[in-house]
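Per-entry structural report
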Amino acid sequence: MSFLSWISTLLFPTRPTEELVRINEADALHAYVAPMLFLHEELPITTLLPYREPLVAAHIIESKYHRNPRATFILGHILAEYLSEIVADEDAYTVRSFALVPVPLSSIRFSERGYNQTEEITNAALAELGIEGHSHARLLRRTRDTKSQTRLPRAERLRNMHSAFEADSVDPDMHYILVDDVVTT
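Residues numbered from 1 in each chain as written. Predicted model: local features only at pLDDT ≥ 70, side-chain atom pairs only at ≥ 80, totals over all residues. Heavy atoms only, no water.

1. Concerning helix 6 (residues 117-129)
Our working definition: Secondary structure counts use DSSP, requiring at least four H or I residues in a row for a helix and at least two E residues in a row for a strand, with both numbered from the N terminus. The length a helix should cover is 1.5 Å for every residue beyond the first. To sort residues, take the accessible area from a 1.4 Å probe on protein chains only and compare it with the maximum for the residue type: under 20% means buried, over 50% means exposed, and anything in between is partly exposed. We call two N or O atoms a polar contact when they sit within 3.5 Å, provided that within protein one can donate a hydrogen and the other can accept it, with sequence-adjacent residues counted only if both atoms are side-chain atoms.
Here helix 6 is 13 residues long and its end C-alpha atoms lie 18 Å apart, about the 18 Å a rise of 1.5 Å per residue gives. Every buried residue of helix 6 is listed here: Gln-117, Thr-118, Glu-119, Ile-121, Thr-122, Ala-124, Ala-125 and Leu-126. One side-chain oxygen of the residue at the start of helix 6 lies 2.9 Å from the amide nitrogen of Thr-118, identifying that residue as Asn-116. Positive phi shows up at Gly-130, right after helix 6, with a value of about 75°.

This is the structure in structure tokens:
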């Protein structure tokens, strides 16, 4: 380590999550990919990665709170691989058009961060798939700011999110895939 690097590290220590993202190979997260399907009020929800795994949590935290481009790229890559498998599994005679819709942040959270990490992950996935343009980020809007979900019990999380979103007109022939970085409820 050069003297300049040593001084830089001393003055600006690396976050543990940042270090995990930096030292692991780009494909290290792939070992944890395990899509799981849940039904919530007849709505299918698929999770791709288990947040309880420290490497997974590190990537999400780095993307969400620190706008780490490496973490965002890797999460986008995993989403793209999953989406390409879905499209490949479709019946050859069916054309399935889909749109990725990132969950919008509250105006307060967007002002604090200056970006929506889920939108950036979604755009990274679309770029990986070679799809021009951006996600359908403006299709869904928050109708009000909500409390952070991280420390709320389940019942309060449900109340907190009730009627918090509205959508513009949707195309009935389109399959909309709502994308969020963490699913708790």
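2. What to know about the environment of His-66
Using the following cut-off: Between two residues, a contact is recorded if the distance between any of their heavy atoms is within 4.5 Å.
Along the polypeptide, His-66 turns up in helix 3 (residues 54-66). With relative accessibility at 35%, the residue His-66 sits in the partly exposed group. Discounting residues that sit within four places of it in the chain, His-66 has contacts with Arg-15, Ile-61 and Tyr-115. In terms of polar contacts, His-66 uses its side chain to reach the side chain of Arg-15, at 3.3 Å.

3. A word on the nonpolar core
Going by this rule: To define a nonpolar core, start from buried Ala, Val, Leu, Ile, Met, Phe, Trp, Tyr and Cys residues and group those joined through side-chain atoms within 4.5 Å.
If you look at the biggest cluster of nonpolar residues, it comprises 17 residues, and the most contacted ones within it are Leu-29, Leu-49, Leu-75, Ile-78 and Leu-79. The set of elements that each furnish at least two residues to this core consists of helix 3, helix 4 (69-89) and helix 6. With residues up to four places along the chain from it excluded, the contact list for Leu-79 reads Leu-48, Ile-121, Thr-122, Ala-125 and Val-179.

4. What about the layout of surface pockets?
Going by this rule: A pocket, in this scheme, is an open set of points on a 1 Å grid over the protein atoms alone with protein on both sides within 12 Å along at least 5 of 7 lines, while a cavity is a set where a 1.4 Å probe fits but cannot get out; residues line either one if an atom lies within 4 Å of a point. Grid points are joined across faces, edges and corners, and a volume is the space filled by probe spheres set on the points. Residues are sorted three ways: Asp, Glu, Lys and Arg are charged, Ala, Val, Leu, Ile, Met, Phe, Trp, Tyr, Cys and Pro are nonpolar, and all the rest, Gly among them, are polar.
Size it by volume and the second largest pocket reaches roughly 220 Å³. Considering the residues around the second largest pocket, the lining is formed by 14 residues, among which Leu-105, Phe-110, Asn-116, Glu-119 and Arg-138 are closest to the centre. Where the lining of the second largest pocket is concerned, the elements lending two or more residues are helix 5 (107-113) and helix 6. Partitioned by chemical class, the residues of the lining of the second largest pocket number six nonpolar, four polar and four charged.

5. Remarks on the confidence of the model for the protein chain
Threshold: pLDDT expresses, on a scale from 0 to 100, how confident the predictor is about each individual residue.
Across the protein chain, the average pLDDT comes to 85, with 90% of residues at or above 70. Per-element confidence in the protein chain ranges from a low mean pLDDT of 73 for helix 1 (residues 3-11) to a high of 96 for helix 3.

6. Quick word on the pattern of salt bridges
Convention followed: One side-chain nitrogen of Lys or Arg within 4 Å of one carboxyl oxygen of Asp or Glu is enough to make a salt bridge.
The full count for this structure, using the stated rule, is eight salt bridges. For Arg-15, the salt bridge goes to Glu-18, with nearest N and O atoms at 3.9 Å. According to the relative accessible area criterion, Arg-15 is partly exposed, its value standing at 29%. Between Arg-67 and Glu-120 there is a salt bridge whose closest N-O contact spans 2.4 Å. Here the residue Arg-67 occupies a position in the loop between helix 3 and helix 4, and Glu-120 occupies one in helix 6, the gap between them amounting to 53 residues.

7. Some thoughts on a nonpolar patch on the surface
Note the following rule: What goes into a patch is any residue over 30% in relative accessible area without a salt bridge, connected to like charges within 9 Å or, for nonpolar side chains (Val, Leu, Ile, Met, Phe, Trp, Tyr), within 5 Å. The method behind every accessible area is Shrake-Rupley, applied with a 1.4 Å probe, and residues are considered shielded solely by the protein chains displayed.
Together, Phe-3, Trp-6 and Leu-10 give the surface a local cluster of nonpolar side chains, amounting to about 380 Å² of exposed area. Structurally, the position occupied by Leu-10 is in helix 1. Residue class for Leu-10 comes out exposed when judged on its relative accessible area of 55%.

8. A look at the pairing of strand 2 (residues 43-47)
Short version of the rule: Two strands are said to pair when DSSP picks up at least two bridges between them.
By the bridge criterion, five bridges tie strand 1 (residues 36-40) to strand 2 in an arrangement that is antiparallel. Pairing of Phe-38 across the sheet is with Ile-45, part of strand 2. Between the end of strand 1 and the start of strand 2, which pair antiparallel, lie two residues, with Glu-41 showing a positive phi angle near 50°.

9. A look at the environment of Lys-147
Tracing the sequence through the fold places Lys-147 in the loop between strand 4 (140-142) and helix 7 (154-161). Leaving out residues up to four positions away in the same chain, Lys-147 has contacts with Arg-109, Leu-152, Glu-156 and Asn-160.

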